[in-house]
Structures are given as structure tokens and as C-alpha cells.
Amino acid sequence: MAKAPFEFDTLALHAGQRPDAETGARATPIYQSASFVFEDAEAAVGLFNIERTGHVYSRLSNPTNAVLEERIAVLDQGVGALAVASGQAAMHLAVATLMGAGDHIVASRSLYGGTHNLLDYTLRRFGIDTTFVDPRDPAAFAAAITDRTKLVFGEVIGNPGMEVLDIPSVAAVAHAAGVPLMVDATFTTPYLCQPIELGADLVMHSATKFLSGHGIVIGGLLVDGGVFDWAKSGRFPTLSEPYAGFHNLNFSESFGPAAFIARARREGLRDFGACMAPTTAFHILQGIETLSLRMERHMTNAERVAQFLTEQDGVASVNHPSLVSHPDHELAKRLLPKGAGAVLSFEIKGGREAGIRFIEGLKVFSHLANVGDAKSLVIHPASTTHHRMDDAALKAAGISEGLVRLSVGLEDSGDLIKDLKSGLRAAAKGGH
Amino acid sequence: MKLSVADKAVFVGTGNGQHAEGQESVLFVHGAGMDHTVWLMPARHFARHGYNVIAVDLPGHGDSEGPALTTIEAMADWLAEVLAELGIASAAVVGHSMGSLVALEFAARFPTHTRTLALLGTSTPMPVSDVLLDAAKTDDRQAMEMANTWSHSGPGLMGGHKSPGMTLYFGGLRLLQRTEEGVYFADLNACNLYERGAERAQKVACPALVLIGDEDKMTGPRQASKVAEALANARVEALSPCGHAMMTEQPNAVLAALKSIV
């Protein structure tokens, strides 16, 4: 597969940005402007009619956001990307670009709770149905695809079950049916996993997490690999037929490999308007500059923490693909050779009450609903991120009442292990 | 727009415009392994301004039926057939890279069909290195990566696409990767075999523009200037910083230059 002309670490610092032509600014300036002056009337028409390039209005594009978009697109080996208000906005934008009422999605059933809400409740109200399947069973994805299916979706590493998606196999069954595969690569970032190289067509990230890396912004990114032939598939009239909402523009005919991302910007961002603030884009760019360094440390710490937990009497089981005991350990070694992410889950003995005592016994880990911060985080999914799921859905998603999820940060790993020992002592103490 | 030429399906981009009698026409010819989408922006501009836009997919490219043609001369003849099918007597002819050779040959063969000529990223001869040609013959994916890298300026390789959120390197590569196996080699080989461009240029009398990228590593500025010198009535414009992939590296400057000749 293709390799960019520079290495990952170099691209993470430079891709998409040149020193500012006017001022020489080396860092990407924050263009905090809602709109941009037209050169003249003819240039204005040209911008609206896709005859020339430039910025019009920051809901549609912004120079700071454009650097972030190009950087993540290059790191993911895509033709283009969009920066949007959140990971949820990225997911919604992809769905809204590809389909409408009456259409269908096949998704892994091990998903972030917010994504599950969107697919299982909200989108059904708009006529888009989702069939959830076992992420470890490519044949189940294949069996669930119908004539109405427009998207196959999964997370590179399931949340919170830590299932590793066999991207090449799931992509193969999707493509055999003429359907694209989109993956949520939030937990892995382009540093750990290259989904498009592995066969995915679209990638989305919650940039709130490891990409920005410091828990200071909310943002989402949607990347178009430019590898799926929308016209040939025959399933995507939004991309292969004239669009009355843009003077009968046919996106596949006009943009070729970039049809999806072109429509996502020119319709989805224009009409739904979930754009990213340029200051947010700036913060995410700062995060991406140190992505490699941070992810290396995240991996080292996560693997130490996972190993430590496996050795504790108060822990019934530990879920992290770095562990030999994990069902996807071999797959993770193949698809994620640099590490399987810094999020892990474990089952504490003593159920729900022990879980609460454990969390309250921690001093370094912060109890909150997020992952991918530089600081270590902890949460109890059954009472927070996945609280809308009933018992059956929880069980299907591999979530028990005693499941605890950790996002291992960049602190000293010895301090993290000391903190976990304190928590486990608190959990055990209350249990007697 | 779909046509049939010599019983083969042909696709022609119109820039979302409508062809009409009495309008001036502009014919766009893409380069090796490419298709009509490289002309997206100028095609839309000239269509809006009332031109008949004919942005062809050469045989075997984009949505035109194969097989790919194997000589520049055959491609020039094929263009004449396309114009005849459309009932268009003459056009401003714009070609990029391999398409510039086709445009040059077309202008020499069919002077009455050629109102003006614009050659972007051109050189004649246009020798293709053995490394690239051999790679294209055995593994065209590897050749595409090599050529795509050489097609961008130094700054362009690091990005800075003028269309927000798009990538220069992967954008170019994904388009190349859409071609059927064997097409890219056929194109490169056609460029390599075409050695009489300088002689053909002397037969072109219409106004011409040669557009040069100052960092073009595929068709260097010096070679492009020589093409302009061989033409009787040519003007040269240089874009900076700009590699061979000038329609994506400098889209607004390319449009401005084309407006001066089309």
C-alpha cells in the first residue's frame, strides 16, 4: 500500500502546513474569523461554483481547520478529511452523506455508548435502521447486509469490550456486497493503526481523545480514503447522481476518488453545520505534533497496568489485547504492532459495590467520562456511558455491572500501579 | 456526457454546462493514468461562461471504455473523432503532461480544429525513465507511487492543498490507482515513444500558452521552454512553487492562465 514521501513523525508535525506567507509564522495561526473577503465579484462566484479554491465562511472551511483536516488525512492515507464539532458529529455526517430514510447500517455491537444511542435510537426515528453483530464474526457482518445496507461500521478496538476488529476480513465482506467499511479509530489513532491501508474506506476519530491528547477540547474528524468506487457500487445515489441542492452536481463524476468528502463538506457541513471552532483545531494540531511520543508512553504504561491487574486477587479478569489471555491477542499483534491502545477494562470481584469503592479509592486516576487524556482516567460504564442500555444489551456488548474501564495516561507507571493497589485495597476492604 | 466513438462508450465531462451551437468550445486532455476530474475547476469555470466544455476521458480511463490507445498520434485522431461526434468544428485545446503531447499533435494534425493551444507540464520529447517504465510494466502501483512523488513540488509533498481539507499526495495517488491494470504503462510508453514533438510544434501557428511549474521534476522548466520556442506564437507562464501536478498545486493560478488563452 502507498507510503507518503515522509515518515509519520515528520508528517505529524508538518503535513498540511507551510509557514504563513504573510507573517512567516511557523505555528499554524488561529484564523478566528467567521468569513473571508472575496478578491472581487468574479472570484466570489468562482468560489461558490467550485471553480477556484479558497475560504468563504468558517462553517464550510477555515484555514486553521484546513491544516488539521489535511494533516489527519495524510496520516490516515486519505484523499481528504473534515474537522467537525465532535466525534458524534463525524459519525452523523458520514451517515447523513451516505444514506437516508429506508437505508440500513450493519454495525459491531461493541461500540461507544454515544454511537450506540445514535444508531439504535435516534437514527431509527429518522428511518435508518442498524443491525448489530458480533465484532469478532465477519460472517455475521456479511449475513446482516441487505439490499438497503449503505455502511458497515465498527471500532478498531471495541468499547469497552476491547474486541479487535478484523478490518481486512470485515472490509472484504463489505466490499463483496458493494458496501463501504467505516471504522472508528479513536482508541488507536493513525499512529497505532492505519485502517485505510488495512482495507477500510472511511475513518472517523473523536479527536477529543488521544489526538488532542490533553482533555481540553471536543472535536471530531472524518477521513475519506478515496478508495471506494461509489458509482460502481450502484448503492449511493447521493454520490453518483445529480444533486439538485448543488445545481445538479454529480459528486462522483466531478470529484472522482474524493466524491464522499466533497459531498460531506458541500452538503453535510453546509446544512447540518456541525463545524469545528478554529481554536479547537489549533489545540488538536498541537496534540498531533506529539502524538507519536505520547502514544509510545501510553502503550508502555497501559501494558504495565494490564499486566499488574492480571496478577491481583481482587480482579476477576482483564481485557486488553496486549495480554496473551485476550481472545484477539494474535490479531492485535498483526494489525496493531505498535500497541493495542491505552484503554483497558477489567472485572473487579465483588460486582457493582466493589467497583464503586475501587473508583472512590483512587487518587491519581480521575473518575470521569472520557478517554485519551494525558492524565489517567477511570469510569464504570454500566452507570455512566452505557447507562441507557438494558441488561440484555449490556450483556451483548460485553459489559457487566462490575466492569471498570481505565484510560491509562502518561504519569509514572509506578505511581499508577500504587494508585490501583489503593483502589483494590478499598474494594476488598469494603467487601468484608 | 456519454457518447459513442467507433462503437466504444466515451465519457466527456462538461463542467456541469450545456453544449449549444454557436458557443466557443474548450477541449481538455488529461495526463497519464488520470481522467477528466483533474479539470474540475476550469471545466466548471468555462461552462459557466458559456463554453462547450469537452473534458474527455481518454479510452480506458475514467468512464471511457478501453482499451487504452498506445500512441500519441492515435489519441490525437481519437480527439478529432470525439469533436466530430459532438459536431464541434474547433476548440481551444488544453492538455496536461501526456495530454499536452496529444494536444500538440492534435494542433499539428488538425490546425483548423484548433483555435488556441495550452500546454501544461509539457516537454518534447517526454522520455520516461527506465526505472519508471519498468516499474509500470511489472507493478504499476509502484510506478504510480514513484511518479506521484515526482509530480509534486518540495512544498507540495508536505501538503498545503489549496482546496480545504484535501491532500495533494494521496489525492493524486488515489486517482492513479483507479486505472485498470496496464493502462498506466500504455500511457507512459506512449509518452516515451513520441519523439517528433519538436517537429510537430513547428506546424502549429495558433496562439499558444506553455504553463510551467518551477519545481516540475517530470517535465522540467527548461524542457517546457523549448516547446514554447518551437511554437510560432507561444507565450510562457511559470507558476511557483509548483510541481508537475499543477492543477492541484496551483488551481487558481492555472485558471487565471487558462483564462488568458482559452
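Residues numbered from 1 in each chain as written. Chains lettered and ligands numbered in written order. Predicted model: local features only at pLDDT ≥ 70, side-chain atom pairs only at ≥ 80, totals over all residues.

Participant: What am I meant to see in the overall build of chain A here?
Facilitator: Scanning chain A from N- to C-terminus turns up 19 helices and 12 strands. Compactness check: chain A gives a C-alpha radius of gyration of 22 Å against a globular reference of 22 Å for 432 residues, within 12% of the reference. Projecting the C-alpha coordinates of chain A onto the three principal axes gives extents of approximately 80 × 55 × 35 Å. Of all 432 residues assigned to chain A, the portion counted as buried reaches 56%. (Helix = DSSP H or I, 4+ residues; strand = E, 2+ residues; numbered from the N terminus. Rg over C-alpha atoms; globule rule 2.2 N^0.38 Å. Buried ≥ 20, exposed ≤ 12 C-beta atoms within 10 Å, placed from the backbone.)

Participant: Mind showing me how you'd approach the domain arrangement of chain A here?
Facilitator: Think of interface size as the accessible area that goes away when the parts come together; that is how it is often given. All names here are of chain A. In terms of domain boundaries, chain A breaks down into domain 1 (8-287) and domain 2 (291-431). The C-alpha-based centres of domain 1 and domain 2 are spaced at 29 Å. Listed as interface residues are 30 residues of domain 1 and, on the opposing side, 37 residues of domain 2. Breaking the side of domain 1 that touches domain 2 down by element, the ones donating at least two residues are α1 (8-14), α5 (113-125) and α8 (189-192). A per-class count over the side of domain 1 that touches domain 2 returns 14 nonpolar, 11 polar and five charged. (Domains from an automatic or database assignment. Contact = placed C-beta atoms within 7 Å. Nonpolar A, V, L, I, M, F, W, Y, C, P; charged D, E, K, R; others polar.)

Participant: Which parts of the structure should I look at to understand the sheet that holds strand β1 (residues 80-84) of chain A?
Facilitator: Hydrogen bonds between backbone groups are what pair the strands of a sheet, and the pairing can be parallel or antiparallel. Residues and elements named next belong to chain A. The strand order across the open sheet formed by seven strands is β1-β7-β6-β5-β4-β2-β3, and the pairing between neighbours is mixed. In this open sheet, the two strands that pair with only one neighbour each are β1 and β3 (129-133). With direction set aside, neighbouring strand axes in the sheet form an average angle of 20 degrees. The sheet contact formed by strand β2 (residues 104-108) and β3 spans five bridges and is parallel. (Pairing = 2+ DSSP bridges. Axes fitted to C-alpha atoms, helices over the stretch in contact; angles between N-to-C directions.)

Participant: Is there a simple way to think about the nonpolar core in this case?
Facilitator: In globular proteins that are soluble, nonpolar side chains generally tend to be buried together. Counting 229 residues, the largest nonpolar core has A:Leu222, B:Val94 and B:Ala118 as its most contacted members. Formed jointly, this core draws a minimum of three residues from each of two domains, domain 1 (8-287) and domain 2 (291-431) of chain A. Apart from residues lying up to four places away in sequence, B:Val94 is in contact with B:Val26, B:Leu27, B:Phe28, B:Val29, B:Ala103, B:Ala118, B:Leu258 and B:Val262. (Core = buried A, V, L, I, M, F, W, Y, C linked by C-beta atoms within 7 Å.)

Participant: Whenever I open this one, helix α13 (residues 259-272) of chain A confuses me. Can you help?
Facilitator: Quick reminder: α-helices carry 3.6 residues per turn. Residues three or four places apart thus point the same way. All names here are of chain A. With 14 residues, α13 should cover 20 Å at 1.5 Å per step; its first-to-last C-alpha distance of 18 Å lies within 8% of that length. At Arg265, α13 shows its largest bend, some 30 degrees. Buried within α13 we find Ala259, Phe260, Ile261, Ala262, Arg263, Ala264, Arg265, Gly268 and Leu269. (Expected span 1.5 Å × (residues − 1). Bend = angle between axes of the 7 residues up to and from the residue.)

Participant: Explain the packing of helix α1 (residues 40-48) of chain B against helix α12 (residues 251-259) of chain B to me, please; I cannot follow it from the model alone.
Facilitator: A pair of packed helices is characterised by two quantities: the angle between their axes and the separation of those axes. Residue and element names in this part refer to chain B. The interhelical angle for the contact between α1 and α12, taken along N-to-C directions, is 40 degrees, at an axis separation of 10 Å. Taken as axis vectors, α1 and α12 run oblique relative to one another. The handedness of the crossing between α1 and α12 comes out as right-handed. Listed contacts from α12 to Met41, Pro42 and His45 of α1 are Pro251, Val254, Leu255 and Leu258. Residue composition of the contact of α1 with α12, grouped by class: six nonpolar, one polar and no charged. (Parallel < 35°, antiparallel > 145°, perpendicular 65-115°, else oblique. Left-handed = near helix turned anticlockwise from the far one by under 90°.)

Participant: Where do I start with the interface of chain A and chain B in this structure?
Facilitator: At the junction of the two partners, chain A supplies 41 residues and chain B supplies 33 residues. In terms of residues, the side of chain A that touches chain B owes the most to one element, helix α3 (residues 63-75) of chain A, which gives five residues.

Participant: Looking at this model, I keep getting lost on the environment of A:Ala176. Mind explaining?
Facilitator: Relative to the assigned elements, A:Ala176 resides in helix α7 (residues 167-176). C-beta crowding within 10 Å serves as the criterion here: with 10 such atoms nearby, A:Ala176 is assigned to the exposed category.

Participant: Where do I start with the environment of A:Gly102 in this structure?
Facilitator: All names here are of chain A. Tracing the chain through its elements places Gly102 in the loop between α4 (87-98) and β2. For Gly102, a count of 10 C-beta atoms within 10 Å gives the class exposed. Apart from residues no more than four positions distant in its own chain, Gly102 is found in contact with Gly127 and Arg148.

Participant: Got a minute to help me understand the confidence of the model for chain B in this structure?
Facilitator: In regions of low pLDDT, the predicted coordinates are not meant to be interpreted in detail. Mean pLDDT over chain B: 96, with 100% of residues reaching 70 or higher. Interface confidence in the predicted complex, given as ipTM, is 0.96; pTM for the same model is 0.96. (pLDDT = per-residue confidence, 0-100.)

Participant: When you look at the sheet that holds strand β1 (residues 2-5) of chain B in this model, what are you seeing that I'm missing?
Facilitator: All names here are of chain B. In spatial order, the strands read β1-β2-β4-β3-β5-β6-β7-β8; together these eight strands make up an open sheet with mixed pairing. Each having just a single partner strand, β1 and β8 (234-239) make up the two edges of the open sheet. In this sheet, adjacent strand axes meet at a mean angle of 25 degrees when their direction is disregarded. Of the strand pairs in this sheet, strand β5 (residues 91-96) and strand β6 (residues 114-120) are connected by six bridges, and their pairing is parallel. Bridge assignment links His96 to a residue of β6, and that residue is Leu120.

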